[in-house]
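# Breakdown of the fold
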Amino acid sequence: MIFTSNSPTETEQTGYQFAEKLYTGGIRKAFIAMKGEMGVGKTAFTRGFASYFGIKSVKSPTYTIVNEYGSDKVKIYHFDMYRIESEDDLYSIGFYDYIDTDSYCIAEWSENILEFCPDLEYFTVSIRCVPDDEEKRIIEISYPQD
Ligand SMILES: Nc1ncnc2c1ncn2[C@@H]1O[C@H](COP(=O)(O)OP(=O)(O)OP(=O)(O)O)[C@@H](O)[C@H]1O
Ligand SMILES: [Mg+2]
C-alpha cells in the first residue's frame, strides 16, 4: 500500500488509519519496522498510530531508546534503534522480552536491527521525501518482508 502525505498531520493520519486497520482486523500484536531518513516523519507516523488508542503523548525515544505507552486497549513499545549496533545491545534493552508480549512494537531505524532477529515477522513502514517538495512524503506499508 502506498500513501502520499502533504503535511505532518497527514502523516499522523496515515499512522492512525494503519492502527485502525490492524486493530479492527483483529491484529493485536505486531512488529512495525519503520524505515527512512532522519526527520522524515517516523515519529509523526507513530504519534498518529498511538492516537488511535487515545494515547496523545508520543515523544521521540532518542534518549530513552524505548518509550512505553498503554491504554485500556493496548500496549505500545516505541523504539529508536539509531544507536543500536549489536545483538548484545538489543539484549541489554530487553528487546527480546518486549517483542514476546502482546503489544505493538514500533521501531525507528529498524534497518539497524533486523539482521539480529531473522525469525521476526513484521510490517514495514517506509517513508521517503520527495525532491523539491519539503512537506511531501511517500509512505509505503508492506507485510511481511515483501
Ligand atoms: N509530510 C510530513 N510528514 C511528517 N513530517 C513532516 C512532513 N512535512 C514536514 N515534516 C516535518 O518533518 C519532521 C519529522 O519529524 P519526526 O520526528 O517525525 O521525524 P523522524 O523520522 O522520527 O526523525 P528521527 O530519525 O530524527 O527520529 C517534523 O519537523 C515535521 O514537521
Ligand atoms: Mg523519530
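Our subject is the structure that appears above.
All of the points below concern the structure found in this document.

About the criteria used
- Residues numbered from 1 in each chain as written.
- Chains lettered and ligands numbered in written order.
- Predicted model: local features only at pLDDT ≥ 70, side-chain atom pairs only at ≥ 80, totals over all residues.
- Buried ≥ 20, exposed ≤ 12 C-beta atoms within 10 Å, placed from the backbone.
- Helix = DSSP H or I, 4+ residues; strand = E, 2+ residues; numbered from the N terminus.
- Pairing = 2+ DSSP bridges.
- Axes fitted to C-alpha atoms, helices over the stretch in contact; angles between N-to-C directions.
- Contact = placed C-beta atoms within 7 Å.
- Near = placed C-beta within 6 Å.
- Nonpolar A, V, L, I, M, F, W, Y, C, P; charged D, E, K, R; others polar.

### Considerations on the pairing of strand β4 (residues 75-80)
Every regular strand shows the same layout, with side chains that alternate between the two sheet faces. In terms of burial, β4 is largely enclosed, as five of its six residues are buried. Taken together, the five bridges between strand β3 (residues 66-70) and β4 define a ladder with antiparallel strand orientation. Bridge pairing in β4 places Asn67 opposite His78. Between the end of β3 and the start of β4, which pair antiparallel, lie four residues. Where β4 meets strand β5 (residues 104-108), five bridges bridge the pair, whose relative direction is parallel. Looking across to β5, one finds that Tyr77 is bridged to Cys105.

### Side note on the sheet that holds strand β7 (residues 133-142)
With mixed pairing, the seven strands of this open sheet are ordered in space as β1-β7-β6-β2-β5-β4-β3. Looking at which strands have only one partner, the edges of the open sheet turn out to be β1 (2-5) and β3. In this sheet, neighbouring strand axes are inclined to one another by 20° on average, regardless of whether the strands run parallel or antiparallel. Strand direction decides the pairing type here: strand β6 (residues 123-130) and β7, joined by seven bridges, are antiparallel. Within β7, the residue paired with Arg128 across the bridge is Ile138. Along the sheet, helix α2 (residues 42-51) contacts β2 (30-35), β3, β4, β5 and β6; its crossing angle with β5, the most-contacted strand, is approximately 165°.

### Side note on the site of ligand 1
Close to ligand 1 lie 17 residues; Thr11, Gly41, Lys42, Thr43 and Ala44 are nearest. Contributions of two or more residues to the shell around ligand 1 are made by α1 (8-24), α2 and β7. Among the residues forming the shell around ligand 1, the class breakdown is four nonpolar, eight polar and five charged.

### Remarks on the environment of Ser5
Mapped onto the elements, Ser5 comes out in strand β1. With residues near it in sequence (within four places) discarded, Ser5 still touches Glu10, Thr11, Thr14, Lys136, Arg137 and Ile139.

### Brief notes about unusual backbone geometry
Despite not being glycine, Ile65 has its phi angle at roughly 70°, a positive value. The phi angle at Asp132 is positive, at roughly 65°, despite the residue not being glycine. Position of Asp132 relative to the elements: it lies in the loop between β6 and β7. Among the residues examined, Asp132 registers 6 C-beta atoms within 10 Å and is labelled exposed.

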